[in-house]
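Structural characterization, general
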Amino acid sequence: MKSLYPTLLLLGGLLPFTGAAQLSIVPESPSNPDNVPAAVHPVPHERQLKWQETEFYAFYHYGMNTYTGLEWGNGDESESLFAPTAAPNPKQWLQAAKAAGMRGGIAVVKHHDGFCLWPTSTTSHNVTNSGNDFGRNTNIPRDFAEAARELGMKYGFYISPWDRNSVHYGTDAYVKDVFLRQCAELAEYGSEQFEMWFDGANGGSGYYGGRNTTVTVDQSTYYDVPNLRDSVHKVCPDCVLWGVGGEARWIGNEAGWAGETNWSTENRGYAPEKNGMYGTEGGWFWLPGESDAKATNRGWFYHDGESPLTPERLFQMYLETVGRNATLILNIPPNKAGVLPDASVAALEGMGQLINNRLGNDLAKSATIQASETRTAGAARTYVAANMTDGDKTTYWATNDGTTSATITLTWDEPQTVRYVELMEYIALGQRVKQFKVETSTDGSTWTQRATGVTTTTVGYKRIVPLNSSTSASYGNGYQAKALRITIEDSRACPLLSKVAVY
Ligand code: FUL
């Protein structure tokens, strides 16, 4: 019988396939020529890793509500009300997102009112019956995917499981003949999709094809999620099914913040409103957090008179989500002409400039970096401290097994002005760090702890720590430092860091 140990490692994708090991029928000793640390389970699926790397992307709520002024349409709206005053322009939406530093976007293509923004075969409640030619020619999945490809951005779609228009809602026929088929149609708009967004709001009152009633469903069983996942993944292998799909979790608020302690692991039956922000240490499965937030001061959909939040506020959201091991999906609603208003475009550009100015010049690259301990190198892999500043996400620094605390010290020839420290764990082998601290020194021997007002516990995929402890107050003058020291004080197993950056 094969021993379990190498099997687990192979499952984690850590070791190259070796014919000899596979054919062996006698117990074998673990073969680990690269001295790769054992994974701390659970670990992310490859598609969750790719998804996490998207970090920051846009959300576009556009559809029937744009024209009725509602946030939740009842489902009885006449298709003719969808009447864009110009051809909707997803390329303009995505260009504005790119200027903010976003790597992709998700377009709502069916909200709770059930109106579909593509010519679907599953219902007549769709663009082909809309009020004018701009409406009838609208196909958001097609145009959004095409624009994203052109701009080198990732893309995905929001399709509401809850459908207040469908006469079948609440029966199996809805799931089989409407919802799953709609998802399958959407999957065909591009195999590179990175996320499908399945909202948790479901069941309740609605038009339901004239039944005008209240329908209650059990979302944990009703939508046939295993089948949904299989069908989508067959066509879109990298598509993370958010929310109801069970591959990424709601961060538990719509205010653009994640917990300073934020685990990417969860247990079954967790309560998003309670621990969505924080995750659960030692949880059973990998369920990373995504924070959905509005970049404007009104609803998810466009409303006359709305205005965008300031670039400073948006930058704060970035720090409190992307900088706390979550992804940020920032909503900017297109208007009745199917474009983002100028003021929103300007706010996004301002946000992009702040991110670039404040987090664009990595001082760690010009520092000498040392660690208190370095894991013994393997045949084809080292674990040296310089792996954290080489710009290569596949290399990482590690200690030997059994070591769960260590220091990393960066020193410069000349004093630097420092404001933020960014850390990234090599999460392919699990989330580990539980406690750390950051200090600066003007001479390399006397140390002052910084970020004392920040809970410096988890790191995860990415953690950005403001050294003055403030995500909201002004940028500040920073601290003069000839050296900066990060001390990992506790970790679930030997720590593995793929990046240290200092700004
Ligand atoms: C919520 C929905 O009910 C809102 O209308 C919006 O789509 C938001 C992003 O998710 O749960």
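Residues numbered from 1 in each chain as written. Predicted model: local features only at pLDDT ≥ 70, side-chain atom pairs only at ≥ 80, totals over all residues. Heavy atoms only, no water.

**What about the sheet that holds strand S20 (residues 479–491)?**
In spatial order, the strands read S13-S15-S20-S17-S18; together these five strands make up an open sheet with antiparallel pairing. Where the open sheet ends on each side, the last strands, each with one partner, are strand S13 (368–371) and strand S18 (448–450). Averaged over all pairs of adjacent strands, the angle between strand axes in this sheet comes to 25 degrees, irrespective of strand direction. Across nine bridges, strand S15 (residues 406–418) lies against S20 in antiparallel orientation. (Pairing = 2+ DSSP bridges. Helix = DSSP H or I, 4+ residues; strand = E, 2+ residues; numbered from the N terminus. Axes fitted to C-alpha atoms, helices over the stretch in contact; angles between N-to-C directions.)

**Points about the packing of helix H12 (residues 311–321) against helix H13 (residues 342–359)**
Contact geometry of H12 with H13 gives a least axis separation of 8 Å together with a crossing angle of 55 degrees. Classified by the interaxial angle, the pair formed by H12 and H13 is oblique. Crossing of H12 over H13 shows right-handed handedness. Contacts between H12 and H13 pair Pro311, Glu312, Leu314, Phe315, Tyr318 and Leu319 from the former with Ala347, Gly350, Met351, Leu354, Ile355, Arg358 and Leu359 from the latter. (Parallel < 35°, antiparallel > 145°, perpendicular 65-115°, else oblique. Left-handed = near helix turned anticlockwise from the far one by under 90°. Contact = heavy atoms within 4.5 Å.)

**Remarks on the site of the ligand**
In the region of the ligand, the neighbouring residues are Phe59, His61, Trp72, His111, His112, Tyr158, Trp197, Asp199, Ala201, Glu254, Asp292 and Trp300. Measuring from an oxygen atom of the ligand, one finds a side-chain N or O atom of His111 at 2.9 Å. Within the side chain of His112, a nitrogen or oxygen atom sits 2.9 Å from an oxygen atom of the ligand. Contact with the protein chains covers 90% of the free accessible surface of the ligand, which is 290 Å². Classifying every residue of the shell around the ligand gives six nonpolar, three polar and three charged. (Near = heavy atom within 4 Å. Polar contact = N/O pair within 3.5 Å; in protein donor to acceptor, adjacent residues only side chain to side chain. Areas by Shrake-Rupley, 256 points an atom, 1.4 Å probe, with all protein chains shown as cover. Nonpolar A, V, L, I, M, F, W, Y, C, P; charged D, E, K, R; others polar.)

**Some thoughts on the sheet that holds strand S14 (residues 397–398)**
Ordered by their spatial adjacency, four strands build an open sheet running S14-S21-S16-S19, and the pairing between neighbours is antiparallel. Single-partner strands in this sheet number two, and they are S14 and strand S19 (463–466). Note: strand S16 (residues 420–425) against S19, four bridges, orientation antiparallel. By the bridge assignment, Glu422 is partnered in S19 with Ile464.

**Overview of the side chain of Asn262**
Residue position: Asn262 is located in the loop between strand S8 (249–250) and strand S9 (265–266). A distance of 2.7 Å separates polar atoms of two side chains, one belonging to Asn262 and the other to Arg249. Beyond its immediate chain neighbours, meaning those up to four positions away, Asn262 contacts Arg249, Ile251, Met277, Tyr278, Gly279, Arg324, Asn325, Ala326, Gln431 and Thr458.

**Observations concerning the side chain of Glu306**
The topology assignment puts Glu306 in the loop between strand S11 (289–294) and H12. Summary of buried charges: Glu306 has no salt-bridge partner, and the nearest side chain of opposite charge, Arg298, is 6.2 Å away. The contacts of Glu306, once residues within four sequence positions are left out, are Thr296, Asn297, Arg298, Phe301 and Pro333. (Buried < 20%, exposed > 50% of the residue type's maximum accessible area, 1.4 Å probe, protein only. Lys, Arg positive; Asp, Glu negative; His and termini not counted. Salt bridge = Lys/Arg side-chain N within 4 Å of Asp/Glu carboxyl O.)

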